[in-house]
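Chain by chain, the residues run as shown.
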Amino acid sequence: MRHVLSGLALAMGAALSLGVQAADQAQVKRGEYLARAADCMACHTAEGGAPFAGGLPIHSPFGTIYGTNITSDKQFGIGDYSRDEFFAALTEGKRKDGANLYPAMPYTSYHLIKREDADAIHAYLMTVPPINRPAPETSLSFPFNVRMGLAGWNMLYGKSVQLQATEGKSEAWQRGQYMVEVLGHCGECHTPRNRIGALEQDKRLTGGLLAGYLAPSLLAQDLAERGWTQPDLTTFLKHGISAQGSMFNEMFPVVHHSTQHLEDADLAAMATYLLGDQPPKAKVVQAVPVDQLGESAQRGRQQYLNVCAGCHGVEGEGKPHIAVAMQGNTVLRQADSRNLAKVILEGIREQQFTGFERMQPMPGFAEKLDDGQVTDLVNYLREAWGGLPGDLSTQQLANLKTE
């Protein structure tokens, strides 16, 4: 009888152990998904480097901050961080040694993360192979290089991001709010900042400057003005490309590392939150005939035929899997012409999206077109297909080039 009881105890112990292992594996798998949703890889992986090993330069008005090593390495990574210490880093911007993290780490949004989600991300990161390599030293100008000074900054702004009331909102809207505002921390780029780098909460999601480009407004009415619908926005987040164009610049790593890996229901929830349970009607823009364009735009038509039509089509129809269409393109429909002008001047690298979608590289024309020609081209695109006035001046373009 004693042997039977002993064998039963061993069997129960083994079953419990297997149950714990299964629970641990489920937490790790969930943590991997949440790390994708939180877009951790984009900032903590240098181009061509090992995942999460740090080294990516993040340029700011105050200097260059480098993404840190968050692999399981115990010397240079976070391998010796407990769950509590990891949670403090995420939500309070505190390193294990008590030093303040710079708010390039979006703890101003992550402070609202659910504890069970933080623990799951921690469990996943502990399974990431250790990379024994330090990140380059962050270099900021005085006084921003004094970490102690962040204590006062955190008191004022560390928890300034707050969620809207959910009463009367759908479950999808509520899930989307958490995905957008907390895990996705979209407001960190799409909200303007004040002189000391704090988010201007009274202008939340109205757009913000990032590396010279404008992260456009994500307000529902502004999205609708640029032609966005919930299905199109969901598609854009999933595939990086839709009828409104393709992701480029700082948004391309977002789809590459994060949104393309998310569940369709979560992507639809994000679109529901941004556009609302009752979204505004998307504005449809009709092409304007050449003879109805302004003088600058009419001159720009010739520049378009010279350098753009070969890829984007004579009538702006685009070429599938090669170049996006101009008709309905969201960049042409932004009230501020900054992004359109910078794309023409600087070009876009080749972009590989999901499936067979691959946009070929677009060359920059800064050395081929003078300021007058670029100005005319921008005005043509805005008037002909963007439904906007062609009012960019050569002086405004010159000012933009010096920023």
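Keep in mind that this is a model prediction, so the values were computed, not measured.

J.: Please set out a nonpolar patch on the surface residue by residue, giving values where relevant.
T.: Judged by side-chain polarity, Phe 142, Val 146 and Met 148 come together as a nonpolar surface patch covering roughly 380 Å² of accessible area. Within the fold, Met 148 resides in the loop between strand 3 (139-140) and helix 6 (150-157).

J.: Can you tell me about the UniProt feature "binding site: heme c 1" (unreviewed entry) in the protein chain, naming the residues and giving the values?
T.: The sites that carry the UniProt feature "binding site: heme c 1" (unreviewed entry) are, in the present numbering, Cys 40, Cys 43 and His 44. Following the sequence through the fold, Cys 40 ends up in helix 2 (residues 40-44). Sequence-distant contacts of Cys 40, that is, excluding residues within four places in its chain, are made with Ala 35, Phe 52 and Ile 70. Tracing the sequence through the fold places Cys 43 in helix 2.

J.: Give a detailed account of the packing of helix 3 (residues 83-92) against helix 5 (residues 115-125), specifying residues and quantitative values.
T.: Two numbers describe how helix 3 lies on helix 5: the axes approach to 9 Å, and their chain directions differ by 110°. Regarding the angle of helix 3 to helix 5, the classification is roughly perpendicular. Crossing of helix 3 over helix 5 shows right-handed handedness. Contacts between helix 3 and helix 5 pair Arg 83, Asp 84, Phe 86, Phe 87 and Leu 90 from the former with Arg 115, Ala 118, Asp 119, Ile 121, His 122 and Leu 125 from the latter. In the contact of helix 3 with helix 5, the residues fall into six nonpolar, one polar and four charged.

J.: Go over the nonpolar core, please, and point to the residues and values.
T.: Core analysis: the largest hydrophobic core is formed by 88 residues, its most contacted members being Ile 113, Leu 125, Tyr 304 and Leu 381. Apart from the residues lying within four places of it in its own chain, the contact partners of Ile 113 are Phe 87, Leu 90, Thr 91, Ala 118, Ile 121, Tyr 178, Val 182 and Leu 183.

J.: Any details on helix 12 (residues 264-275)? Residues and values, ideally.
T.: The end-to-end C-alpha distance of helix 12 is 16 Å, a good match for the 16 Å that twelve residues give at a rise of 1.5 Å each. By the criterion of burial, helix 12 is predominantly enclosed, with nine of the twelve residues buried. Residues Asp 266, Leu 267, Ala 269, Met 270, Ala 271, Thr 272, Tyr 273, Leu 274 and Leu 275 constitute the buried set of helix 12. Looking one or two places after helix 12, you find Gly 276, whose phi comes out positive at around 95°.

Definitions and limits used
- Residues numbered from 1 in each chain as written.
- Predicted model: local features only at pLDDT ≥ 70, side-chain atom pairs only at ≥ 80, totals over all residues.
- Heavy atoms only, no water.
- Patch = residues over 30% accessible without salt bridge, like charges linked within 9 Å, V, L, I, M, F, W, Y side chains within 5 Å.
- Areas by Shrake-Rupley, 256 points an atom, 1.4 Å probe, with all protein chains shown as cover.
- Salt bridge = Lys/Arg side-chain N within 4 Å of Asp/Glu carboxyl O.
- Helix = DSSP H or I, 4+ residues; strand = E, 2+ residues; numbered from the N terminus.
- UniProt positions renumbered as here; feature names shortened; annotations may be inferred.
- Contact = heavy atoms within 4.5 Å.
- Axes fitted to C-alpha atoms, helices over the stretch in contact; angles between N-to-C directions.
- Parallel < 35°, antiparallel > 145°, perpendicular 65-115°, else oblique.
- Left-handed = near helix turned anticlockwise from the far one by under 90°.
- Nonpolar A, V, L, I, M, F, W, Y, C, P; charged D, E, K, R; others polar.
- Core = buried A, V, L, I, M, F, W, Y, C linked by side-chain atoms within 4.5 Å.
- Buried < 20%, exposed > 50% of the residue type's maximum accessible area, 1.4 Å probe, protein only.
- Expected span 1.5 Å × (residues − 1).

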